[in-house]
Amino acid sequence: QVQLVESGGGLVQAGDSLRLSCAASGRTFSNYAMGWFRQAPGKEREVVARISMNGGRTLYADSVKGRFTISRDNAKNTVHLQMNSLKPEDTAVYYCAAAWNVYSKYDYWGQGTQVTVSS
């Protein structure tokens, strides 16, 4: 199994930036694709960004393209989500998750970190 712990959430104003981090432990981190997901109140969970095992491929939701950047450091077993130009509609609980590849089902999840963007 892979254990995931997110950090870096908080309350910011529209236009600000935040950097989320996810620390992984357990099995070999570089064997997993990683993803960031979010769930806003009353809404279904949605994928935000995904990154392949070696970081060579990244995928983004249209709503965050050009504003968010996913990256990973396999030597430190971490994945990050740099969020710039935040909007109130980015308010959600953000989760990191691990999968066998970027397109497969994500089997391992963190507990989430709250991001709140005020207008």
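Since this is a predicted model, take the numbers as computed values, not measurements. (Residues numbered from 1 in each chain as written. Predicted model: local features only at pLDDT ≥ 70, side-chain atom pairs only at ≥ 80, totals over all residues. Heavy atoms only, no water.)

Trainee: Can you lay out the side chain of Ser52 for me, pointing to particular residues and giving the numbers?
Mentor: Along the polypeptide, Ser52 turns up in the loop between strand 5 (46–51) and strand 6 (58–60). Ser52 sits in the buried class, given a relative accessible area of 13%. Excluding residues that lie within four positions of it along the chain, Ser52 makes contacts with Ala33, Arg57, Arg72 and Val102. (Helix = DSSP H or I, 4+ residues; strand = E, 2+ residues; numbered from the N terminus. Buried < 20%, exposed > 50% of the residue type's maximum accessible area, 1.4 Å probe, protein only. Contact = heavy atoms within 4.5 Å.)

Trainee: Describe the sheet that holds strand 1 (residues 2–7), with residues and values.
Mentor: Taking strand neighbours across the sheet as the criterion, the four strands line up as 1-3-8-7 in an open arrangement whose pairing is antiparallel. Unpaired on one side and paired on the other, strand 1 and strand 7 (68–73) mark the two borders of the sheet. Neighbouring strand axes in the sheet, compared pairwise and without regard to direction, differ in orientation by 15 degrees on average. Bridging between strand 1 and strand 3 (residues 18–26) involves six bridges; their strand directions are antiparallel. Residue pairing in the sheet places Ser7 in a bridge with Ser21 of strand 3. (Pairing = 2+ DSSP bridges. Axes fitted to C-alpha atoms, helices over the stretch in contact; angles between N-to-C directions.)

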